[in-house]
Amino acid sequence: DTAVSQTPKYLVTQMGNDKSIKCEQNLGHDTMYWYKQDSKKFLKIMFSYNNKELIINETVPNRFSPKSPDKAHLNLHINSLELGDSAVYFCASSHLGQGNSYGYTFGSGTRLTVV
Amino acid sequence: QQPVQSPQAVILREGEDAVINCSSSKALYSVHWYRQKHGEAPVFLMILLKGGEQKGHEKISASFNEKKQQSSLYLTASQLSYSGTYFCGTAKGGGNMLTFGGGTRLMVKP
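Here goes a summary of the coordinates provided. The numbers attached to residues start from 1 for each chain and follow its sequence in the written order. Written order determines the labels here, with chains lettered from A and ligands numbered from 1. Residue-level local features of this predicted model are given only where pLDDT is at least 70; pairs of side-chain atoms are given and counted only at 80 or more, and the full residue set underlies all totals for whole chains, interfaces and linings. Side-chain metrics in this entry use all non-hydrogen atoms of the structure; hydrogen atoms and water are not considered.

### Some thoughts on the overall build of chain A
Turning to step 1, where the next piece is worked out: Helix and strand labels come from DSSP, where a helix needs a run of H or I of at least four residues and a strand needs a run of E of at least two; each type is numbered from the N terminus. Each helix and strand counted, chain A has zero helices and eleven strands in total.
Turning to step 2, where the next piece is worked out: Listing the helices and strands of chain A from first to last along the sequence gives β-β-β-β-β-β-β-β-β-β-β.
Turning to step 3, where the next piece is worked out: When we talk radius of gyration, it's over C-alpha atoms, and the globule rule is simply 2.2 Å times the number of residues to the 0.38. Over its C-alpha trace chain A gives a radius of gyration of 13 Å, about what one expects of a compact globule, namely 13 Å for 115 residues.
Turning to step 4, where the next piece is worked out: Throughout, exposure labels follow a simple rule: accessible area from a 1.4 Å probe, protein chains only, divided by the maximum for the residue type, with under 20% read as buried, over 50% as exposed, and the rest as partly exposed. Within chain A, the fraction of its 115 residues that count as buried is 44%.
Turning to step 5, where the next piece is worked out: Residue contacts follow a heavy-atom distance rule, with two residues in contact if any of their heavy atoms lie within 4.5 Å. In chain A, 55% of the contacts between residues at least 6 apart in sequence involve partners at least 24 apart.

Here it is as structure tokens:
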């Protein structure tokens, strides 16, 4: 199946731990993204990445870092987890076009709970 | 800058129409529309790239007024399957980060 796949689907961890979420797309897209959706359903962009450029939303703490081993993968590493990091994290991908002229395909999300 | 969506929520009976608005204080190059059902990922509906452009997708269509920096999503003869939260996403200039509005929760009842 062509898709954007994320693992794990659920992640429960203690404060202070470091965790990673993996994302892979087989759509041939050249740009990938990470979004955070909080309990009020607000979707916030965290990162945009293609093989030329990483764009970081300035409001994202530097405890969060994207790692891309190749253009089909964009993993999210989170250090020193805090209670406020609890949310659903969505990976997405698209073709790169001027001004976002292509639709995004989202992964199914990872529900992160920090206790 | 996050686009502003209105209304925040709407309840319809099957067959009724609805309009969801999205406005921005910044000049826009494109407007995306997505639907998210409970517990699922957002799903792409359509994108509008030009001022005054209108697009259609089954009984769902949208318009984009570039001068007013606004887009509207039109749902006609709503079906139960239209229930979900609708998000507009906007991009400034040539940037490739989409910023989403706060969402409009739509519930269609039998």
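### Focus on the nonpolar core
Residue and element names in this part refer to chain B.
Turning to step 1, where the next piece is worked out: We define the nonpolar core as a collection of buried residues of types Ala, Val, Leu, Ile, Met, Phe, Trp, Tyr and Cys that are connected through side-chain atoms lying within 4.5 Å of one another. Ranked by internal contacts, the top residues of the largest apolar core, which has 20 residues, are Trp33, Met46, Leu73, Leu75, Tyr82, Tyr86 and Leu106.
Turning to step 2, where the next piece is worked out: For this core, the secondary structure elements donating two or more residues are strand E3 (18-23), strand E4 (28-36), strand E5 (42-48), strand E7 (60-65), strand E8 (70-75), strand E9 (84-92) and strand E11 (104-109).
Turning to step 3, where the next piece is worked out: Leave out the neighbours within four places in its chain, and leucine 106 touches Val10, Leu12, Ala18, Leu75, Tyr82, Ser83, Gly84 and Tyr86.

### Considerations on the side chain of histidine 32 of chain B
Residues and elements named next belong to chain B.
Turning to step 1, where the next piece is worked out: Mapped onto the elements, histidine 32 comes out in strand E4.
Turning to step 2, where the next piece is worked out: Judged by relative accessible area, histidine 32 falls into the buried class, the value being 0%.
Turning to step 3, where the next piece is worked out: Side-chain atoms alone can form a polar contact between residues adjacent in sequence; in general such a contact is a pair of N or O atoms within 3.5 Å, and within protein one must be able to donate a hydrogen while the other accepts it. A polar atom in the side chain of histidine 32 sits 2.9 Å from the side chain of tyrosine 34.

### Observations concerning the interface of chain A and chain B
Turning to step 1, where the next piece is worked out: Each partner contributes residues to the interface: chain A has 25 residues there, and chain B has 24 residues.
Turning to step 2, where the next piece is worked out: Both faces considered, chain A and chain B share a buried interface measuring about 2000 Å² in area, 60% of it formed by carbon and sulfur atoms.
Turning to step 3, where the next piece is worked out: Taken together, chain A and chain B are joined by four residue pairs in polar contact (both at pLDDT 80 or more).
Turning to step 4, where the next piece is worked out: Among the elements of the structure, strand E4 (31-37) and strand E5 (43-50) of chain A are those that each provide at least two residues to the side of chain A that touches chain B.
Turning to step 5, where the next piece is worked out: Here the side of chain A that touches chain B gets five residues from one element, more than from any other, and that element is E5 of chain A.
Turning to step 6, where the next piece is worked out: Looking at the side of chain A that touches chain B residue by residue, the classes come out as twelve nonpolar, twelve polar and one charged. What gets called buried area is simply the loss in accessible area from a 1.4 Å probe that two parts show on being joined, summed for both. Residues are grouped as follows: Ala, Val, Leu, Ile, Met, Phe, Trp, Tyr, Cys and Pro are nonpolar; Asp, Glu, Lys and Arg are charged; all remaining types, including Gly, are polar.

### Overview of the environment of serine 20 of chain A
All names here are of chain A.
Turning to step 1, where the next piece is worked out: Within the element layout of this structure, serine 20 appears in strand E3 (residues 19-25).
Turning to step 2, where the next piece is worked out: Here the alpha-carbon distance between serine 20 and asparagine 75, two residues 55 residues apart in the chain, equals 6.9 Å.
Turning to step 3, where the next piece is worked out: Apart from the residues lying within four places of it in its own chain, the contact partners of serine 20 are Pro8, Leu11, Leu76 and His77.
Turning to step 4, where the next piece is worked out: Side chain to side chain, serine 20 and histidine 77 meet in a polar contact 2.6 Å long.

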